[in-house]
Structures are given as C-alpha cells and as structure tokens.
Amino acid sequence: MKVIIIGNGPAGISAALYTVRAGIQTTVIGNGPGSLGKADNIENFYGFEYPISGSSLIERGIAQAKRIGAQIIKEEVVGISTLESNSETSKVSHTFSVKTDKNEYLADAVILATGVSRNSPPIKGLKELEGQGVSYCAVCDAFFYKGKDVGILGSGEYALNEAKELLPVAKSVTLLTNGSEPSVSFPKDIKIHKNAIDSLDPGPSNPLLGGTGPLESVTFNHSDKIKLDGIFVAYGTAGSTALAKKVGAFTEGNKILVDSDMSTNVPGLYAAGDCTGGLLQIAKAVSDGAIAGTSAIKYLRQA
C-alpha cells in the first residue's frame with residue numbers, strides 16, 4: 001500500500017505521521033516552504049513557549065517525518081491522473097499517477113495539502129469563461145482542442161508539462177507569459193507571447209461578457225489581439241485546487257470540497273489544510289492532516 005502526500009507543510013506532514021506509523025509506504029512531495037516559510041514569529045501554536053519562525057517549524061516537521069520513515073522528495077508536482085487498476089484482488093478501481101518536474105510516482109491514495117493559491121492573474125474573462133474555452137487540465141481536455149489553436153497561461157515547469165500534453169493534439173500552442181520571462185526552456189514548436197494580457201474575449205454574443213460564443217481571442221495591454229480557441233491555465237505552480245480538478249474532484253472557488261473525513265468525491269483522494277477553506281491557521285492544518293491521514297489508512301486497509 002502506498003500513499004503520496006503532496007505538500008510538506010503542517011497538513012501534509014501531520015498526515016504522514018499517521019500513515020507511516022500505520023505501516024503504509026509514504027512519500028511526501030513538496031517544493032519549498034510556501035507562505036508559512038515567510039512568517040517570522042508564530043506565537044499561537046500549541047507547545048511552543050517562545051515564538052518560532054515558520055521556516056523552523058517546517059524544518060522540524062519534515063525532520064520528524066523523516067525520522068519515522070517517510071520518504072521526503074523535493075520536486076514540483078505538475079500533474080495528477082488516475083490509472084485503471086490491474087489487480088483482480090484489490091477493491092481499488094484505480095491507482096494515482098503523480099507527475100513532477102523530474103519523475104512520475106504511483107500510489108493507491110493521494111492527500112493534497114499544498115495550501116491555497118493566493119496569486120491569481122487579474123485577467124478579465126478568465127473566471128467567466130471557465131468551461132467555455134478556459135481549462136485547467138490538459139490531460140482532461142486536450143481531446144476537445146484537436147486541430148485547434150490553444151494557449152497556455154504560465155511560464156514555468158507547470159506550463160511546460162501542459163504544453164507537452166497539448167503539442168501532439170493541437171494545431172498550434174502559444175505560451176502566454178503575461179509579462180513574465182519563461183523560467184524553463186520550451187520546445188521550439190511553441191510560440192511565446194510575453195506581453196501582459198488585458199482580457200480573454202468571448203464570441204460576439206456571449207452573455208457572460210456581452211455575447212454568446214465561447215473564447216475567441218486574447219487582447220494584450222497594447223490592444224494587440226491573437227485568436228485562440230482555448231486557454232489552459234498553468235500559472236505559477238500547481239496548487240491543490242488545480243491538481244484536484246485534473247482528476248475530477250469537486251471544487252468551489254479556490255477550495256477543494258471535502259467531507260468530514262477529508263475525502264473528496266474521488267475515491268482515494270483526500271485534501272487537508274488551507275486548500276479546504278475555513279480557518280487558515282496551522283492548528284487547523286495539523287488537525288485536517290491527522291483526519292486525512294487516518295481516513296486514507298482506513299481506505300487502504302479496506303482495499
């Protein structure tokens with residue numbers, strides 16, 4: 001039995017402390033301390049007489065998980081998908097494939113705990129055109145853009161991974177960096193547009209933005225336009241919500257919808273911490289992680 005925990009903050013490490021001690025092979029994948037690492041003094045977390053920095057708290061948690069046997073990997077997760085299970089004896093209908101910027105890992109259960117995305121590009125039409133030309137999953141939706149012109153909003157490893165999924169299918173792929181420089185090398189077949197984006201434009205009669213058609217074009221800050229049939233959002237790094245959407249988990253705004261046991265609507269997929277909404281505090285993240293970890297244990301033992 002294997003579980004992958006995406007995120008090495010309080011929620012992810014808390015979950016790992018339970019799954020490892022239950023005898024489950026546990027891999028924690030994270031790529032830096034996140035927003036907690038920027039906190040200089042934490043005074044409201046149980047058990048610390050004096051303030052502790054966020055980075056120190058994270059380091060202690062990772063060391064604790066390592067000591068009891070968790071595998072800690074520092075890589076950037078860029079995608080997650082499900083694969084049909086080949087085992088005739090297992091009750092689990094699928095396994096999970098977690099793809100990073102360097103490797104691919106398989107697991108029987110996944111816990112998402114990368115926090116919540118706090119930075120979203122303020123582009124008019126981005127939210128309004130979701131499902132009408134704006135997508136968050138190339139693996140899920142590339143088929144619908146066969147032979148069409150698509151764009152990818154992003155500039156890093158996450159965007160590169162989406163580009164690789166789209167290149168064999170789409171007529172053309174354009175990288176939209178929204179004013180940033182690409183942080184990785186992209187294939188030469190990909191056009192790169194570095195200007196800041198002003199808006200995503202619907203067809204002439206999309207009621208959402210004054211008309212009825214799906215996405216038609218992208219307008220940049222100096223009024224230039226390019227026609228695109230679809231935009232795949234891969235901005236920054238893939239947060240929990242973006243990853244959840246890739247396997248069909250229900251989300252609402254920037255949070256993943258979970259039951260009281262931290263389970264999503266996808267069997268074997270759990271979420272914990274800030275990505276589930278509510279009180280954005282370390283104490284809640286640790287509690288969520290404990291619940292998600294014990295729930296994953298029950299799920300795997302029943303498989």
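Here we summarise the structure given alongside this text. (Residues numbered from 1 in each chain as written. Predicted model: local features only at pLDDT ≥ 70, side-chain atom pairs only at ≥ 80, totals over all residues. Heavy atoms only, no water.)

On to the pattern of salt bridges, then. For the coordinates displayed, the defined rule picks out 6 salt bridges. With a closest N to O distance of 3.0 Å, glutamate 181 and lysine 194 form a salt bridge. Note that glutamate 181 is positioned in the loop between β10 (172-176) and β11 (191-193) and lysine 194 in the loop between β11 and β12 (197-202), a separation of 13 residues in sequence. On the basis of relative accessible area, glutamate 181 is assigned to the exposed category, the value being 56%. (Salt bridge = Lys/Arg side-chain N within 4 Å of Asp/Glu carboxyl O. Helix = DSSP H or I, 4+ residues; strand = E, 2+ residues; numbered from the N terminus. Buried < 20%, exposed > 50% of the residue type's maximum accessible area, 1.4 Å probe, protein only.)

Burial within strand β9 (residues 149-153) is extensive, with 4 of its 5 residues counted as buried. Where β9 and β10 come together, 5 bridges link them in parallel fashion. Counterpart to glycine 151 in the pairing with β10 is threonine 174. Note that the unit made of β9, helix α4 (residues 157-166) and β10 has a crossover that is right-handed. Pairing analysis gives 4 bridges linking β9 to strand β15 (residues 230-233), with the strands arranged parallel. Within β15, the residue paired with valine 150 across the bridge is glycine 230. (Pairing = 2+ DSSP bridges. Right-handed = clockwise from strand over helix to strand, strands pointing away.)

By the element assignment, glycine 12 lies in helix α1 (residues 10-21). Taking relative accessible area as the criterion, glycine 12 reaches 0% and is therefore assigned buried. Once the C-alpha coordinates of glycine 12 and glycine 268 are considered, the two residues, 256 residues apart in sequence, prove to be 15 Å apart.

Moving on, we get to the nonpolar core. Ranked by internal contacts, the top residues of the largest apolar core, which has 42 residues, are Val110, Leu112, Ile152 and Leu269. No other element matches α4, which puts 5 residues into this core. The residues contacting isoleucine 152, other than those within four sequence positions of it, are Ala159, Glu162, Ala163, Leu166, Val173, Thr174, Leu175, Leu176, Phe232 and Ala234. (Core = buried A, V, L, I, M, F, W, Y, C linked by side-chain atoms within 4.5 Å. Contact = heavy atoms within 4.5 Å.)

Let us look at the packing of aromatic side chains. Each aromatic ring pair is described using two quantities: the centre-to-centre distance and the angle formed by the ring planes. Under the definition given, this model contains 4 aromatic pairs. We note lysine 245 situated over the ring of tyrosine 136; from NZ or CZ to the ring centre the distance is 3.9 Å. (Phe/Tyr/Trp six-rings, centres within 6.5 Å; stacked < 30°, edge-to-face > 60°. Lys NZ or Arg CZ within 6 Å of the ring centre and 35° of its normal.)

Next up on the list: the sheet that holds strand β13 (residues 215-220). Taken together, the 3 strands give an open sheet; going across it, the order is β12-β13-β14, and neighbouring strands pair in antiparallel fashion. Edge strands, defined here as strands with exactly one partner in the open sheet, are β12 and β14 (225-227). Mean inter-strand twist for the sheet, computed between neighbouring axes without regard to direction, equals 20 degrees. Relative to β13, β12 runs antiparallel, the two being bridged by 5 bridges. Following the sheet pairing, aspartate 201 is matched in β13 by serine 217. (Axes fitted to C-alpha atoms, helices over the stretch in contact; angles between N-to-C directions.)

Function-wise, these values are silent; they only describe arrangement.
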